[in-house]
Amino acid sequence: MRAEMKVLVANAGDLNSWQNAPLQQPFDPLILSFLSALSAHLLRHYREHSELVALGFWLRDSQVAALQQRLPAGYFKPVGRVLHITPNNVDTMFAYSWVCALVMGNNSLVRIGQPDAEQVNLLLSAIDAIFAEQRFAPLAAGNAFVHYPRDSQFSAQVSAQVDARVLWGGDDTVNAIRALACQPRCRDISFADRYSAALIQGDALTDDTAISDLADSLWRDTQPYFQQACSSPRVLFWLGDTAAMSPLMTALEKHANNVVGQSIEWANNQLVYEQLLRNQDPGARTVHRSGVCGICVEQFHPTMLQWHLGQGCFVIQTLNTMNELPQRIDAKLQTLSYHGVEKAALVKLCEDPSITGIDRIVPVGRALDFSPLWDGYDVLTQLSRQIVLE
Amino acid sequence: MSLQAYTQAFEALLGLPVYDVPQAEKQAHLLPLLSALHQHHVTHCEAYARIAGDVAVPFTQQADVPYLAVRLFKHLALKSIADEDIFRVLRSSGTTGQQPAQIFLDRATSGRQSKVLVNILQHSIGKARLPMLIIDSPAIVGKDAAFSARAAGIQGLMFFGRDHTYALDENMQPDWSAIERFCDTYRDQPVLVFGFTFMVWQYWIRLLADRPCLDLKHGVLLHSGGWKKLHAERVSNADFKTVVQARTGIANVVNFYGMAEQVGSVFTECEQGHLHAPLYADVLVRDPYTLQTLPHGQPGLLQMLSVLPTSYPGHSILTEDMGRVLGEDDCPCGRKGRYISIEQRLPKTELRGCSDTHGGAV
């Protein structure tokens, strides 16, 4: 069994140490120093990797302090030993998942699916470099980063021992892990299949600058991981004047061409998706297919995203009023980003009793900003115990 | 044109020579058949009607024939027959994690595929059934009723041979004693060797480097299935032929281009190394971005036309293969019609959506 297991960060913990190393106090000064050092390292050495820079910023002292301040008052202890099954589609996500466990003082075993992906590899090297410092040895022992094959029994073995499992993946993956026996008090924090949408008020797009600003923001949410992150908008709900729709697509095309150049693969995937959508919605109308693809559908339904491959495809549904939105979405809608919409209208939307999805409502351009409040969970409190002291 | 009229026109086509009909005349034969197939599938396959139904028929030129992207056969169950008429379902050998394509055949379509394949391959291997060495494992054929395209390919070709001998064992290792026995028995006569290009290379030719050369100088090697892995190893078609001849004695090596979505109407390689459209099929090249048709010589995505399938809407498919039309009616080999070269396949898109961390088997 151990032969197929690879420990990926030599200076971090191994399969024995991560279970046996003592837990830490949440936001212990040693943890804060470690994160500070990791942040500095990422910001110094990986300037050209925007996802690593974003992580570096997220780990700055002030940001970590803000995390601590957001905790409710009370006395917290780590939940214990945490297994992380991390996603392949977002290279840096394993680090966010792990850091949430680490700041609360937990020990972690982090399963990484694609250790050879470039940014994953760089990030693992960065973690290795910081753990190499002797002062962080007490933390290093309690955190292990591993890869093992999907068909391995290892998830079952570890599941039987841990206090919490953080599961990122598709519904099938999450269910498969949750079916593995675990301790009676083990907590599962599951991040399963989700999709995201943007809500755009067309009346606000009255000039070229407004359109190009929106395109910049929308592209910021689309480009990382080629739109394959759960938080990247795949659907555009369009209110009001549609005159800016086509110019917006043209502005997005320029961004796409700057980043991926002309890609036959993108073009072909967009064609495939267009044909699949036409099968699902006979009234589907392609408004743009060059660089990015925009397809207006008459009756959006979340099943239309089942074959969505990212790579610059936007399903567009026009709405006469916000009241039409709840019937179009379901519990799997994670992030609704918005542009030109009043906050009061968004509050009213949330209050609609039929809303079962939507865990985040953020301005367009900030859909991918990670927060420990994710998918409706507060990951930090989920990965800790609160002691009642009266 | 009704289905009955289509059937008559198709039968008439079977009476014509496979490679002697000039392009203009060939198109005049094919276009009404393609119009009839389009109408047939619009009527009998709802998905096809939704995706491709919104065009004017009859077609006045080949470029007007709408196409399905080949990947749709992986995502949708595309068929134009009732379930009780399904005779066989072909499944492409999708790699792990990839959805296999499903092709629904009835007896009529399957029968057309067999007839057409016979007409085409007779030009490469003659009419006699030859002793046949199959570079594959017997485990692949007949294992279960769900037919993989690989098994279907082998079974389709087995018709052209006799004394079928499998060159590989259940574990995909060469069965050298079976191979040597076959070579000894048929040393001085024509034989047929068939396999998928990469497997012929990987599991047979490459391993012959450390063994005595075989003597199959009267043999013909038919192979198909894509060059991607060989190109990654920097093996060209010319290298392939040279090494095959050096190690097996086979001078007559014939590559052909076909796909599970259009079984039967394969494009075979001539002495010039060009892949020729048979009478029953044709090819257009489209710009991968604009999807406009491109003039001969320019590389693009291949749109494959075939007048065979009535059980599924596969008469016009936009492939993910890049290639070019090298010419028409003017190949030095004498065959009429268009001939092409294949340049590369598009990389398979990884589904890196959220559904990807660990896979189903945990």
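Residues numbered from 1 in each chain as written. Chains lettered and ligands numbered in written order. Predicted model: local features only at pLDDT ≥ 70, side-chain atom pairs only at ≥ 80, totals over all residues. Heavy atoms only, no water.

Chain B is annotated in an unreviewed UniProt entry as Acyl-protein synthetase of Fluctibacter halophilus.

In the annotation of an unreviewed UniProt entry, chain A is listed under the name Long-chain-fatty-acyl-CoA reductase and assigned to Fluctibacter halophilus.

1. Quick notes on empty space enclosed by the protein
Residue and element names in this part refer to chain A. Short version of the rule: Here a cavity denotes a set of grid points, spaced 1 Å apart and computed over the protein atoms alone, in which a 1.4 Å probe fits but from which it cannot get out, and a pocket denotes an open set meeting protein on both sides within 12 Å along at least five of seven lines; residues with an atom within 4 Å of a point are reported as lining. Grid points are joined across faces, edges and corners, and a volume is the space filled by probe spheres set on the points. Gly is put with the polar residues, along with every residue not named as nonpolar or charged; the nonpolar set is Ala, Val, Leu, Ile, Met, Phe, Trp, Tyr, Cys and Pro, and the charged set is Asp, Glu, Lys and Arg.
According to the stated counting rule, one finds five cavities of 30 Å³ or more in the structure shown. Taken as a whole, the largest cavity spans an internal volume of roughly 60 Å³. If you go around the largest cavity, you meet 11 residues; those closest to its centre are Pro87, Asn88, Ile112, Gln114 and Val120. Residues of the lining of the largest cavity, tallied by class, amount to five nonpolar, four polar and two charged.

2. As for the environment of leucine 271 of chain A
The following threshold applies: Strands here mean DSSP runs of E at least two residues long; helices mean DSSP runs of H or I at least four residues long; both are numbered from the N terminus. Note on contacts: a residue pair is in contact if any heavy atoms of the two residues lie within 4.5 Å.
Mapped onto the fold, leucine 271 of chain A is located in helix α12 (residues 264-280). Considering only alpha carbons, one finds leucine 271 of chain A and leucine 52 of chain A, 219 residues apart in sequence, at a separation of 32 Å. Discounting chain neighbours no more than four positions away, the residues touching leucine 271 of chain A are Arg289 of chain A together with Tyr67, Ala69, Leu291 and Leu318 of chain B.

3. Examining helix α10 (residues 208-222) of chain A
All names here are of chain A. What counts here: How far a helix is expected to stretch is found by multiplying one less than its residue total by 1.5 Å. With a 1.4 Å probe rolled over the protein chains alone, any residue whose accessible area is under 20% of its type maximum counts as buried; one over 50% counts as exposed, and the rest are partly exposed. Residues adjacent in sequence count toward polar contacts only when both atoms are side-chain atoms; beyond that, a polar contact is any pair of N or O atoms within 3.5 Å, and within protein one must be able to donate a hydrogen and the other to accept it.
Taking 1.5 Å per residue as the helical rise, α10 with its 15 residues ought to reach 21 Å, and the 20 Å between its terminal C-alpha atoms agrees with that figure. What α10 keeps buried is the set Ala210, Ile211, Leu214, Ala215, Ser217, Leu218, Trp219, Asp221 and Thr222. For α10, the side-chain oxygen to backbone nitrogen distance between the N-cap and threonine 209 is 3.0 Å, and the N-cap itself is aspartate 207.

4. Examining the pairing of strand β10 (residues 285-290) of chain A
Residues and elements named next belong to chain A. Note the threshold: Between any two strands, at least two bridges found by DSSP are needed for them to pair.
The sheet contact formed by β10 and strand β11 (residues 292-296) spans five bridges and is antiparallel. Considered in β11, the bridge of serine 290 is made with valine 292. The antiparallel pairing of β10 with β11 creates a hairpin that spans one residue between the two strands, and glycine 291 there sits at a positive phi of about 80°.

5. What about the interface of chain B and chain A?
Heads up, the condition is: The term buried area refers to how much accessible surface (probe radius 1.4 Å) is lost by two components on association, counted for both of them together. Take a side-chain nitrogen of Lys or Arg and a carboxyl oxygen of Asp or Glu: if they are within 4 Å of each other, that pair is a salt bridge.
Taken together, the 34 residues of chain B in the interface contact 43 residues of chain A. For the pairing of chain B and chain A, the buried interface totals around 3600 Å² over both sides, and the portion due to carbon and sulfur atoms is 56%. Put simply, chain B and chain A have zero salt bridges between them. Across the contact surface, chain B and chain A share seven residue pairs in polar contact (both at pLDDT 80 or more). Of the residues that constitute the side of chain B that touches chain A, the class distribution is 19 nonpolar, nine polar and six charged.

6. Some details on the domain arrangement of chain B
Accessible area lost when the parts come together is the quantity often used to give the size of an interface. Residue and element names in this part refer to chain B. What counts here: For the domain bounds, the source is a domain assignment made automatically or taken from a database.
The domain boundaries assigned to chain B delineate domain 1 (1-67 + 275-348) and domain 2 (106-257). A separation of 28 Å is found between the C-alpha centroids of domain 1 and domain 2. Taken together, the contact between domain 1 and domain 2 spans 21 residues of the former and 14 residues of the latter. Counting the surface lost from both domain 1 and domain 2, the interface buries some 1600 Å², and carbon and sulfur atoms represent 62% of this. The tally of links from domain 1 across to domain 2 stands at zero salt bridges. Mapped onto the side of domain 1 that touches domain 2, the elements with two or more residues apiece are α1 (3-14), β13 (300-306), β14 (316-328) and β15 (338-345). Examining the composition of the side of domain 1 that touches domain 2, we find that four residues originate from one element, α1, more than from any other.

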